[in-house]
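# Coordinates in review
For reference, the chains in residue letters:
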Amino acid sequence: MKEKLFELTAEQLKEIAVALQEKVNIGLEKDGEELACIPTYICPKTDGIAGKALVLDLGGTNYRAAVIELGKDGKADLHPDNGWKKDLCIMKTPGFTQEQLFKEQADLIDEICDEPMPIGYCFSYPAASQPDGDAKLIRWTKGVDIKEMVGQPVGTPLMNYLNSLNRIHYTGVKVINDTVASLFAGLTHPGYDAYIGLIVGTGTNMAAFIPAEKIGKIAGTYTAGGLLPVNFESGNFVPPYLTPVDDEVDHRSINAGNQRFEKAVSGMYLGEILKATFPEAKFEEPFDARKLTGMLSYPDVYKTEYVDAARAIYKRSAQLVAASLAGLINLLATQKPGIKTVCLTAEGSLFWSEDKNGKKYHEMVLEYLHNTLTDLGHSQIKVDITQMDNANLIGSAIAALS
Ligand code: GLC
């Protein structure tokens, strides 16, 4: 019966969509609001850029490094023998330092790059984009807490560190959020009326292009006009209809009060929700979203009530993602009436996960998104979800070479 706690009606999903839209509007007007709505001062070029970039991707769990070559035809080539990935959960250890992080990052680059080139750095934490393409860390999320890095630029110190090792001299660095990298990667599919970058992995967040004149908080400081990529930091949204179990998960986390949407949706927290639902039960540690989806696909060894609750938590996560997308699309449709097609580039292991005995996560997102858009009067809007291999790496190369 506990699974009933996580049910959301169509009407509630619509309310969540509208609440997200209102909070995006507030965040576009003022700094320091619930949704940070961070404009990124990098305008991606889709043609006429060519060359190689070193791309670094620091996510919530893994770190990746590779060299990407963009051809004049807009095609991206990931040099096959030189892409590396490692688990960097160690950065969540209390007391972990910037120097240790740089060292871990440099270790992976050692063998993949043999000539000077710019760096595209996909940094998956809230960071305020600077006019020179670097970004200053606003705060950590997803369990990381390297205190000395908060408020500081994240790109230039890392590049200086790499250059000080005297191997290759990197020529510049552009820092973008992972949602913005996905957004840029989506541009390799031209012809859509609107583009969205979405991540549902360890954390969750969205980005889209917003006309500069609609971003009230930069009026006067940014006058170039045009469309700016905006990282909404939607993981910090406080949606209506969270439950006492969500309050408990928040209470137990290292950043209580923050990232409430993320704590109801993303991979890092789904297992925590199940544990808080059955405080008396013993689950394997750590119990993350991968274990939770495993439980759905292979339920025989678990109590039925745990499996039912896990399935309800998984479904609610997809519904919340759908509602937040519907709110964002509703906003984009207000800014640009007549939108009919949206290209959604989505990354993250939870987004592409499946329940072998139920619906796939991304199929549920599409279904509830269509229903909520219809309830908002947009049944004509068609959303295509694109899954691109290495979207973050390609988007970061576009940023580095634009
Ligand atoms: C967290 C971060 C955000 C990132 C998201 C997905 O919400 O704050 O910057 O985009 O995780 O990785």
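Placed above this text is the structure.
So, here's what we can say about the structure.

Definitions and cut-offs
- Residue indices follow the written sequence of each chain, beginning from 1 at its first position.
- It should be noted that, the model being predicted, local features are given only for residues of pLDDT at least 70 and side-chain atom pairs only at 80 or more, the latter also being counted only at that level, while totals for whole chains, interfaces and linings use all residues.
- The basis for every side-chain value is the complete set of non-hydrogen atoms in the structure, without hydrogens or water.
- Every helix listed is a DSSP run of H or I at least four residues long, and every strand listed is a run of E at least two residues long, numbered separately from the N terminus.
- For this measure, only C-alpha atoms enter the radius of gyration; the expected value for a globule follows 2.2 Å times N^0.38, where N is the number of residues.
- Relative accessible area decides the class of each residue, using a 1.4 Å probe on protein chains only: under 20% of the type maximum gives buried, over 50% gives exposed, and in between gives partly exposed.
- The criterion for a residue being near a molecule or strand is simple. One of its heavy atoms has to lie within 4 Å of it.
- The term polar contact refers here to a pair of N or O atoms within 3.5 Å; inside protein, the definition further demands a hydrogen-donor-capable atom paired with an acceptor-capable atom, and it admits residues adjacent in sequence only when both atoms are side-chain atoms.
- Note on areas: Shrake-Rupley, 1.4 Å probe, and residue coverage restricted to the protein chains presented here.
- Polarity classes work like this: nonpolar for Ala, Val, Leu, Ile, Met, Phe, Trp, Tyr, Cys and Pro, charged for Asp, Glu, Lys and Arg, and polar for all others, with Gly in that last group.
- Throughout the structure description, domain borders are defined by an automatic or database domain assignment.
- The convention used is that axes are lines fitted to C-alpha atoms, helices contributing only their stretch in contact, and that angles between N-to-C directions extend from 0 to 180 degrees.
- The scheme is simple: roughly parallel for angles under 35 degrees, roughly antiparallel for over 145, roughly perpendicular for 65 to 115, oblique for anything else.
- Should the near helix be turned anticlockwise from the far one by less than a right angle, the crossing is termed left-handed; should it be turned clockwise, right-handed.
- Residue contacts follow a heavy-atom distance rule, with two residues in contact if any of their heavy atoms lie within 4.5 Å.
- Here a cavity denotes grid points, spaced 1 Å and computed from the protein atoms alone, that fit a 1.4 Å probe unable to get out, and a pocket denotes an open set having protein on both sides within 12 Å along at least 5 of 7 lines; residues with an atom within 4 Å of a point are the lining.
- Grid points are joined across faces, edges and corners, and a volume is the space filled by probe spheres set on the points.
- Throughout this description, the term nonpolar core refers to a set of buried Ala, Val, Leu, Ile, Met, Phe, Trp, Tyr and Cys residues connected via side-chain atoms within 4.5 Å.

### Thoughts on the overall build of the protein chain
On a plain count of helices and strands, the protein chain comes out with eleven helices and 14 strands. The C-alpha atoms of the protein chain give a radius of gyration of 21 Å, which matches the 21 Å a tight globule of 402 residues would have. Structurally, the protein chain occupies a C-alpha span of about 60 × 50 × 35 Å along its principal axes. Within the protein chain, the proportion of its 402 residues that are buried is 56%.

### Focus on the site of the ligand
As a structural note, the neighbourhood of the ligand is formed by 15 residues, with Lys 142, Asn 177, Asp 178, Glu 233 and Glu 262 the closest of them. At 2.8 Å from an oxygen atom of the ligand is found a side-chain nitrogen or oxygen belonging to Asn 177. Gln 259 is positioned such that a nitrogen or oxygen atom in its side chain is 3.3 Å from an oxygen atom of the ligand. Protein chains bury 98% of the 310 Å² of accessible surface belonging to the ligand in isolation. Sorting the residues of the shell around the ligand by element identifies α4 (178–186) and β11 (204–211) as the ones contributing at least two each. Residues belonging to the shell around the ligand are distributed by class as follows: three nonpolar, eight polar and four charged. Both of domain 1 (1–39 + 189–388) and domain 2 (51–176) provide at least three residues apiece to the shell around the ligand.

### Here's the deal with α4
Burial of α4 is extensive: nine of the nine residues sit out of reach of the surface. All of the buried residues along α4 are Asp 178, Thr 179, Val 180, Ala 181, Ser 182, Leu 183, Phe 184, Ala 185 and Gly 186.

### Considerations on the packing of helix α9 (residues 304–335) against helix α10 (residues 361–375)
Packing of α9 against α10 leaves a shortest axis separation of 8 Å and a crossing angle of 45 degrees. In terms of axis orientation, α9 runs oblique to α10. For the pair α9 and α10, the crossing hand works out as right-handed. Judged by residue contacts, Tyr 314, Lys 315, Ser 317, Ala 318, Gln 319, Val 321, Ala 322, Leu 325, Ala 326 and Ile 329 of α9 engage Tyr 361, Met 364, Val 365, Tyr 368, Leu 369, Thr 372 and Leu 373 from α10.

### Focus on the layout of surface pockets
What the largest pocket holds in volume is close to 1,400 Å³. Along its surface, the largest pocket is lined by 47 residues, and Gly 60, Thr 61, Gly 201, Thr 202 and Ser 349 are the ones closest to its centre. Among the secondary structure elements, those contributing two or more residues to the lining of the largest pocket are β3 (62–70), β5 (84–87), α5 (244–252), α7 (267–277), α8 (289–297) and β13 (341–347). Residues of the lining of the largest pocket, tallied by class, amount to 13 nonpolar, 19 polar and 15 charged. Both of domain 1 (1–39 + 189–388) and domain 2 (51–176) provide at least three residues apiece to the lining of the largest pocket.

### Some remarks on the nonpolar core
Counting 78 residues, the largest nonpolar core has Ile 196, Leu 198, Phe 232, Leu 274, Leu 325, Leu 328 and Tyr 361 as the members making the most contacts within it. For this core, the element with the most residues is α9, which contributes 19 residues. Grouped together as the second largest cluster of nonpolar side chains are 36 residues, Ala 65, Leu 101, Met 149 and Tyr 170 included.

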